[in-house]
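Working through the structure, step by step
Now for the letters of each chain:
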Amino acid sequence: MNERSFVRAARTVTPVDMAAAQTAAVLHSQLTKPAGSLGMLERVGVQLAAIAGRCPPPVPEPVTIAVFAADHGVVAEGVTAWPQEVTAQMVANFCAGGAAINVLARHIGADVIVTDVGVATPIPSDAPGLVRRTVRPGTGNIAVEAAMTPVEARSALDVGAGVAAQAAAGGVRMLVTGDMGIGNTTASAAVIAAITGLPAAAVTGRGAGADDAILARKTEVVERALRRVPAQADPLLILTEIGGLEIAALAGLIVGAAASRLPVVIDGVIAAAAALAAAALVPDAARYLIGGHRSAEPGSAAALSHLGIEPLLDLQMRLGEGSGATLAVPLVQAAAKILAEMATFDAAGVAGKQQPG
């Protein structure tokens, strides 16, 4: 990966095309349906036109689910009941095709790319298809120290931007965020609280099934981490002090996708934290984001609200991996097809709504 791939991507991101969005909105008013009757599908179709710069927008396919995996030193604080070794074990499971995200990816006909950006436990050398881009073997314990150095944070951003650029060069037309990392809901809650200004208790959830005692400890750890971050801190400082390697890589992926004018369907709370960071670093990148689902984690709703994103699904999911966002992909593609294939009132010979008077 080029060391400056994130910076290059950030400079390349341009605003979405609002003229194309307006054309799509007008076209929706001419299609054989009552205005607004397709609800959020209409909004997504308009957004896809703005991203593509034309109406109707192309159907965003093929699709790649980009899963970034990393470990977190904060597990030493007892914020999760799961051992750190599970991260590496699940990465091997992803590579073998046996995880939920693999099943859902096959269901929608998408590819899965798994990138190790900071897994602490060794992953078998024969893990098929694993992209090894380790920045460091796990973060520091954010309760007492910085997650990483600024150089490491930039390197993780570069990894994500590089994955997006490679996917775009290979013909991918939409990306989905995925993640794996024991302890990463703690880091995500800290990032979300730092960027939104919300208190730790409002954005910290149970993650992978924490009981009341673990949740209380987790919330206290997030509060401790936040004490080291000044209000309205620079997003790179936030990632450095209290973020995660996979969170930074996902932020890089989002900016890299925007640089190639690709829509990005974001998943749950880890992706939401990354989306906040990406939007803080490169504001125009936010317009390329589509909310796949609202995670059961409270930080997800808080982050999406801060970004002004209404998610397509709410299935009370909290698995991660990219699972909820992957389920939303067919809806995003349907939104493009509506604009491309549905007849207008004039073309179909259907009488439109009569105006009063």
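This section reports on the structure supplied with the text.

Calculation rules
Every residue gets a number counted from 1 within its own chain, in the order that chain's sequence is written. Note on the predicted model: pLDDT of at least 70 is required for a residue's local features to be given, and 80 or more for side-chain atom pairs to be given and counted; whole-chain, interface and lining totals, by contrast, use all residues. Hydrogens are left out, water is left out, and the side-chain values use all remaining heavy atoms of the structure. Each helix corresponds to a stretch of at least 4 residues labelled H or I by DSSP, and each strand to a stretch of at least 2 residues labelled E; elements are numbered beginning at the N terminus. Two things to know: the radius of gyration comes from C-alpha atoms, and the globule rule equals 2.2 Å times the number of residues to the power 0.38. In what follows, residue pairs with any heavy atoms lying within 4.5 Å of each other are defined as contacts. Only the protein chains shown count as cover for residues, and the accessible areas themselves come from Shrake-Rupley with a 1.4 Å probe. Asp and Glu count as negative and Lys and Arg as positive, but His and the ends of the chain are not part of the count. To locate a charge, the coordinates of NZ of Lys, CZ of Arg, CG of Asp or CD of Glu are taken. Any residue under 20% of the maximum accessible area for its type is buried, any over 50% is exposed, and the rest in between are partly exposed; the area is computed with a 1.4 Å probe on protein chains only. What the arc describes is the spread of directions from the helix axis to the C-beta atoms. In what follows, salt bridge is the name for a side-chain nitrogen of Lys or Arg lying within 4 Å of a carboxyl oxygen of Asp or Glu. What qualifies as a polar contact is a pair of N or O atoms within 3.5 Å, subject to a donor-acceptor requirement within protein and to the restriction that residues adjacent in sequence count only when both atoms come from side chains. By nonpolar core we mean a set of buried residues, namely Ala, Val, Leu, Ile, Met, Phe, Trp, Tyr and Cys, connected to one another through side-chain atoms within 4.5 Å. Only when DSSP finds a minimum of two bridges between them are two strands counted as paired. Multiply 1.5 Å by the residue count of a helix minus one, and that product is the helix's expected span. Comment: axis = line fitted to C-alpha atoms, over the contacting stretch for helices; angle = value between 0 and 180 degrees taken between N-to-C directions.

1. Notes on the overall build of the chain
A tally of helices and strands in the chain yields 15 helices and six strands. Relative to the globule expectation of 21 Å for 357 residues, the C-alpha radius of gyration of the chain, 20 Å, shows essentially globular dimensions. Considered along the principal axes of its C-alpha atoms, the chain spans approximately 70 × 45 × 35 Å. In the chain, 77% of the contacts between residues at least 6 apart in sequence involve partners at least 24 apart. Counting only carbon and sulfur atoms, one obtains 54% of the accessible surface of the chain, whose full area is about 14,200 Å². Looking at charge distribution, the chain has the averaged site of its 24 positive side-chain charges lying 5 Å from that of its 29 negative ones.

2. Here's the deal with helix α1 (residues 5-12)
When we look at burial in α1, the residues that qualify are Ser-5, Phe-6 and Ala-9. Taken down its axis, α1 places every buried residue within 95° of arc, on the same side. Its buried side turned inward, α1 meets α6 (150-169), α11 (245-259) and α12 (269-281).

3. Some thoughts on the side chain of Asp-267
Examined against the element boundaries, Asp-267 turns out to sit in the loop between β5 (264-266) and α12. Look at Asp-267: it is buried, it has no salt bridge, and the nearest opposite charge is Arg-318 at 12 Å. Engagement of the side chain of Asp-267 in a polar contact is seen with the backbone nitrogen of Ala-325, the distance being 2.8 Å. Excluding its chain neighbours within four sequence positions, the residues that come into contact with Asp-267 are Thr-177, Asp-179, His-293, Gly-320, Glu-321, Gly-322, Ser-323, Gly-324 and Ala-325.

4. Some thoughts on the pattern of salt bridges
Applying the stated criterion across every chain yields a total of eight salt bridges. Across the pair Arg-224 and Glu-77 runs a salt bridge, and its minimum N-O distance is 3.4 Å. Here Arg-224, found in helix α9 (residues 212-226), pairs with Glu-77, found in the loop between β1 (63-70) and α4 (85-96); they are 147 residues apart in sequence, far enough to count as distant. One salt-bridge network, held together by shared partners, links Glu-77, Glu-220 and Arg-224.

5. Observations concerning the nonpolar core
Judged by nonpolar contacts, the single largest core of 82 residues is most densely connected at Ile-242 and Ile-266. Among the elements that line this core, the one with the most residues is α11, at 12 residues. Not counting residues up to four positions away in its chain, the partners in contact with Ile-266 are Thr-177, Ile-254, Ala-271, Ala-275, Leu-289, Ile-290, Gly-291, Gly-292, His-293, Leu-304, Ile-309 and Ala-325. In terms of nonpolar packing, the next biggest core, distinct from the first, is built from 36 residues, Val-86, Val-91, Ala-105 and Ala-335 among them.

6. Notes on the pairing of strand β2 (residues 111-118)
Pairing analysis gives seven bridges linking β1 to β2, with the strands arranged parallel. Residue Phe-68 lies in a different strand from β2, and its bridge partner there is Thr-115. Relative to strand β3 (residues 131-132), β2 runs parallel, the two sharing two bridges. Within β3, the position partnered with Asp-116 by the bridge is Arg-132.

7. Overview of α9
If you check α9, its first and last C-alpha atoms are 21 Å apart, about what 15 residues at 1.5 Å a residue would give, namely 21 Å. Here the buried face of α9 lies against α7 (184-196), α8 (200-203) and α10 (235-242). The residue sitting at the N-terminus of α9 and contributing the capping side-chain oxygen is Asp-211; that oxygen lies 3.2 Å from the backbone nitrogen of Ala-213.

8. Here we look at the sheet that holds β2
Taking strand neighbours across the sheet as the criterion, the six strands line up as β3-β2-β1-β4-β5-β6 in an open arrangement whose pairing is parallel. At either margin of the open sheet sits one strand with a lone partner, and together these are β3 and β6 (289-291). Across the sheet, helix α14 (residues 323-341) touches β1, β4 (174-180), β5 and β6, and the angle it forms with β4 is around 170°.

9. Here we look at the environment of Ile-51
Tracing the sequence through the fold places Ile-51 in helix α3 (residues 40-52). The sequence separation of Ile-51 and Thr-14 amounts to 37 residues, and the corresponding C-alpha distance is 9.7 Å. Residues contacting Ile-51, with those up to four places away along its chain left out, are Val-16, Arg-261, Leu-262, Pro-263, Arg-287 and Tyr-288.

10. A closer look at the environment of Glu-152
Inspection of the secondary structure puts Glu-152 in helix α6. For Glu-152, a relative accessible area of 18% gives the class buried. In the structure, Glu-152 is positioned 184 residues away from Ala-336 in sequence and 38 Å away in space, judged by C-alpha atoms. Ignoring any residue separated from it by four or fewer positions in sequence, one finds Glu-152 in contact with Val-135 and Arg-136. Within the structure, Glu-152 has its side chain in polar contact with the side chain of Arg-136 (distance 3.0 Å).

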